[in-house]
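For reference, the chains in residue letters:
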Amino acid sequence: MKKASIKYVSAYLPENVVYNQQIEDKIKFDGKGIDHGFLEKLFGSHSRRIASDDMQVSDLACNAARSVITANKDTVIDLLIFAAASADLIEPATANIVQAKLGLTCPVMDIKNACNSFVSAVQVSSAFIESGMYENILIVCGEKLGEVVNYSPLNSEDLRKSISGYSLGDAGAAMLLGKSGSEIVYQKFRSWGEYWQLCTVAGGGSMAYRDYDKYYFQSDSRGLQRIFQDEGPKFVNECLNEAGWRRDDINCVVSHQISSTTTDQIARYSGIPVSRFVNTFGKYGNTAAATIPLALHEAIETGKLAKGDQLMLLGLGAGVSMSVQLVEW
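Remember, predicted model here, so these are calculated numbers, not experimental data. (Residues numbered from 1 in each chain as written. Predicted model: local features only at pLDDT ≥ 70, side-chain atom pairs only at ≥ 80, totals over all residues. Heavy atoms only, no water.)

Here we look at the nonpolar core
Inference 1: Judged by nonpolar contacts, the single largest core of 57 residues is most densely connected at Leu 138, Val 140, Val 254 and Leu 311.
Inference 2: The contacts of Val 254, once residues within four sequence positions are left out, are Val 278, Ile 292, Ala 295, Leu 296, Leu 311, Met 312, Leu 313 and Leu 314.
Inference 3: If you look at the next biggest cluster of nonpolar residues, it comprises 46 residues, including Phe 217, Phe 277, Ala 288 and Val 320. (Core = buried A, V, L, I, M, F, W, Y, C linked by side-chain atoms within 4.5 Å. Buried < 20%, exposed > 50% of the residue type's maximum accessible area, 1.4 Å probe, protein only. Contact = heavy atoms within 4.5 Å.)

Next comes the structure, spelled out in structure tokens:
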């Protein structure tokens, strides 16, 4: 059976660059702010992109998607998937809004799996393509995360839960999948749902629909890190063994990134040199589900990924979930 392939990747970044000091100046805790340099010491980032107030999540996705459509004018898109942690509305699917803005007529759907939303959409799209149901699928992502950041924590515990939010940035991404291009030769996902409470935005769902204090990003970063460190090495080893790939043969690794040291940590437990990883966190922060396609686009544009290379995509998401996707570029 012919495997699904990545045909084109694009990304969009808002023009507004926001630096750590600007974020630090917004944080009010115990009637005062926090010291400048705190966020860089904590995360290793120095900037991120922030969308304007009038730019919607769907706009970020559409701006990335238009580059894909322009570069593939002769391709008929059979299915559109919007995949992100963010959304324009609870109802309808953001994919419908993206469809209207792009002028497409194909079927659409949303896929939501926290920071693994985009890579989950790649897995679903691959199954559709390999079954023969669709030939060309456009996956789009828009992440606008500033609205869920708590800049006024009530106490030390509230600050601890809110602090990961200060690394969040905005971005759009898009990918065209089809039957020709860079072949996705292996995919595996795993989830540990018992840890879902470690990272949440509770507001808007049935648990806290009208509790406006719950509309903020909260995370137990150390708890998440422990799970990824405990389960990550075993999972990655299992996937590489099943696929018959050797670490030495992997030319490029694109992973989700929650700090500037994420790639260093994965390199240590995977045995793959850190020089083969794409690290975008310092410039863009944590862009949730847009992180992997954004970093993949940068790898392509900078020449870090070349035709014939072996590529590993590594997803890490709240919930908690992990994924490995191997691509012959």
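Having seen the model, we can carry on.
Thoughts on the packing of aromatic side chains
Inference 1: Applying the stated rule across the entire model yields 3 aromatic pairs.
Inference 2: Here the aromatic rings of Phe 128 and Tyr 134 are separated by 5.3 Å at their centres, their planes lie at 90°, and the arrangement is edge-to-face. With respect to class, Phe 128 is no different from Tyr 134; both count as buried.
Inference 3: Aromatic side chains Tyr 151 and Tyr 166 sit 6.0 Å apart centroid to centroid with 20° between the ring planes, which places their arrangement in the stacked category. Of this pair, Tyr 151 sits in the loop between β6 (137-143) and α6 (156-162) while Tyr 166 sits in the loop between α6 and β7 (171-178), and the two are 15 residues apart along the sequence.
Inference 4: Judged by its relative accessible area of 1%, Tyr 166 is buried.
Inference 5: Across from the ring centre of Tyr 151, 4.2 Å away, lies the NZ or CZ of Lys 26, which sits over that ring. (Phe/Tyr/Trp six-rings, centres within 6.5 Å; stacked < 30°, edge-to-face > 60°. Helix = DSSP H or I, 4+ residues; strand = E, 2+ residues; numbered from the N terminus. Lys NZ or Arg CZ within 6 Å of the ring centre and 35° of its normal.)

Points about the sheet that holds strand β5 (residues 108-111)
Inference 1: If you walk across this open sheet you meet the 9 strands as β5-β4-β6-β7-β1-β8-β13-β12-β11, and the pairing is mixed. Here the strands that pair on one side only, and so sit at the sheet edges, are β5 and β11 (252-255). Within the sheet, the average angular offset between the axes of one strand and its neighbour, ignoring direction, is 25°.
Inference 2: Strand direction decides the pairing type here: strand β12 (residues 310-317) and strand β13 (residues 321-328), joined by 8 bridges, are antiparallel. Note that in β13 the partner of Gly 315 across the bridge is Ser 323.
Inference 3: Across the sheet, helix α10 (residues 291-302) is in contact with β1 (5-12), β7, β11 and β12; its angle to β1 comes to roughly 100°. (Pairing = 2+ DSSP bridges. Axes fitted to C-alpha atoms, helices over the stretch in contact; angles between N-to-C directions.)

Quick notes on the pattern of salt bridges
Inference 1: Per the stated rule, a full pass over the model turns up 11 salt bridges.
Inference 2: Its salt-bridge partner being Glu 183, residue Lys 2 comes within 3.6 Å of it at the nearest N-O pair. Separated by 181 residues along the polypeptide, Lys 2 in the segment before β1 and Glu 183 in strand β8 (residues 182-191) bring together distant segments of the chain.
Inference 3: Looking at Lys 2, the relative accessible area reads 49%, which means it is partly exposed. (Salt bridge = Lys/Arg side-chain N within 4 Å of Asp/Glu carboxyl O.)

Some words on the side chain of Asn 72
Inference 1: With respect to the element layout, Asn 72 can be found in the loop between α3 (57-71) and β4 (79-83).
Inference 2: The exposure class of Asn 72 is buried, given its relative accessible area of 16%.
Inference 3: Other than its neighbours up to four places away in sequence, Asn 72 contacts Tyr 8 and Leu 176.

Considerations on the packing of α3 against helix α4 (residues 94-102)
Inference 1: Where α3 meets α4, the axes come as close as 10 Å, and the angle between the chain directions of the two elements is 50°. Considering their axes alone, α3 and α4 lie oblique with respect to each other. By crossing handedness, the relation of α3 to α4 is classed as right-handed. Taking contact as the criterion, the partners of Ser 58, Asp 59, Ala 61, Cys 62, Ala 65, Arg 66 and Ile 69 in α3 are, on α4, Thr 94, Ile 97, Val 98, Lys 101 and Leu 102.
Inference 2: Among the residues making up the contact of α3 with α4, the classes are represented as 7 nonpolar, 2 polar and 3 charged. (Parallel < 35°, antiparallel > 145°, perpendicular 65-115°, else oblique. Left-handed = near helix turned anticlockwise from the far one by under 90°. Nonpolar A, V, L, I, M, F, W, Y, C, P; charged D, E, K, R; others polar.)

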